[in-house]
Amino acid sequence: MTWAWLGALCLACAVGKAAASGAAREQFDPTASRATFEVSVRVTGPATGRFRRIEGELTEDDRGRWRVQVRVDTEGLELDGPGWMLRSTRSRNFLDVENHPEIRFRSAPFARGLLATGGPLRGRLDLRGASRGVTFTLLPAACSRPGRDCDIVVKGEVSRRAFGMTSQRVWVKDEVGFDFRVRLRDPVAP
């Protein structure tokens, strides 16, 4: 009887520890977060686009490392600039919004302190059906509680050729700049 009780106690402790270690998850606040991109048009200069919806979350693994997952809705794309630029950006030869309604990013594990200090944020970007390793830059936080009292800011560039975006190659430069500004939802009490 004593061994059974001890075994049940050890099992309860193991389950509790596993639940506690894998439970840390912080979701983006989609109403306060935003994602933009910029392309450089050779004649007129930069054109900035905005995605209406960005979703994601920070999750902690059992080693105390964090990952970020981001989903951006391409169907709600808006673009500053002429109408032909918006059509070209949404087209099959650029973002291919009709066939690829989302852009996804999943980071490699990182230490939570990176949100405060800034630095390279490595991961995989899924864009237009292609998945490539990328490195974005997490900027140093402007406050002591990044994501709560100030934006978590991530910037980076990707080669559009690497993702099969061939539209307007004569007029639009290869680099596409991304800018993510993230706020986190307030945690919900259990």
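Draft legend 1. The state of the cysteines, seen in detail. What the rule picks out here adds up to one disulfide. Shown here is the disulfide that connects Cys 143 with Cys 150, its sulfur atoms set 2.1 Å apart. Its torsion about the S-S bond being -75 degrees, the disulfide of Cys 143 and Cys 150 is classed as left-handed. The class of Cys 143 is partly exposed, set by a relative accessible area of 21%.

Draft legend 2. Highlighting the packing of aromatic side chains. Inspection of every chain in the model, using the stated rule, returns five aromatic pairs. Members of the aromatic cluster, each reached through a chain of ring pairs, are Phe 105, Phe 136, Phe 178 and Phe 180. Residue placement shows Arg 132 over the ring face of Phe 163; its charged tip is 5.9 Å from the ring centre.

Draft legend 3. Representation of the side chain of Asp 96 in the model. Relative to the elements of secondary structure, Asp 96 occurs in the loop between helix H2 (83-90) and strand S5 (102-107). Among buried Asp, Glu, Lys and Arg side chains, Asp 96 stands out as unpaired, with Arg 128 the closest opposite charge at 4.3 Å. If sequence neighbours within four positions are ignored, Asp 96 has contacts with Thr 89, Arg 90, Ser 91 and Arg 128.

Draft legend 4. Just the nonpolar core, in detail. Among the nonpolar cores identified, the biggest contains 41 residues, and Phe 51, Leu 95, Leu 125 and Phe 180 are the most heavily contacted of them. Broken down by element, the residue count for this core peaks at six residues, all from strand S4 (residues 66-79). If we ignore the near neighbours within four places in the chain, the residues touching Phe 51 are Ala 35, Phe 37, Val 72, Asp 73, Thr 74, Gly 76, Leu 77, Leu 95, Ile 103 and Phe 178.

Thresholds applied
- Residues numbered from 1 in each chain as written.
- Predicted model: local features only at pLDDT ≥ 70, side-chain atom pairs only at ≥ 80, totals over all residues.
- Heavy atoms only, no water.
- Disulfide = S-S within 2.5 Å.
- Buried < 20%, exposed > 50% of the residue type's maximum accessible area, 1.4 Å probe, protein only.
- Phe/Tyr/Trp six-rings, centres within 6.5 Å; stacked < 30°, edge-to-face > 60°.
- Lys NZ or Arg CZ within 6 Å of the ring centre and 35° of its normal.
- Helix = DSSP H or I, 4+ residues; strand = E, 2+ residues; numbered from the N terminus.
- Lys, Arg positive; Asp, Glu negative; His and termini not counted.
- Salt bridge = Lys/Arg side-chain N within 4 Å of Asp/Glu carboxyl O.
- Contact = heavy atoms within 4.5 Å.
- Core = buried A, V, L, I, M, F, W, Y, C linked by side-chain atoms within 4.5 Å.

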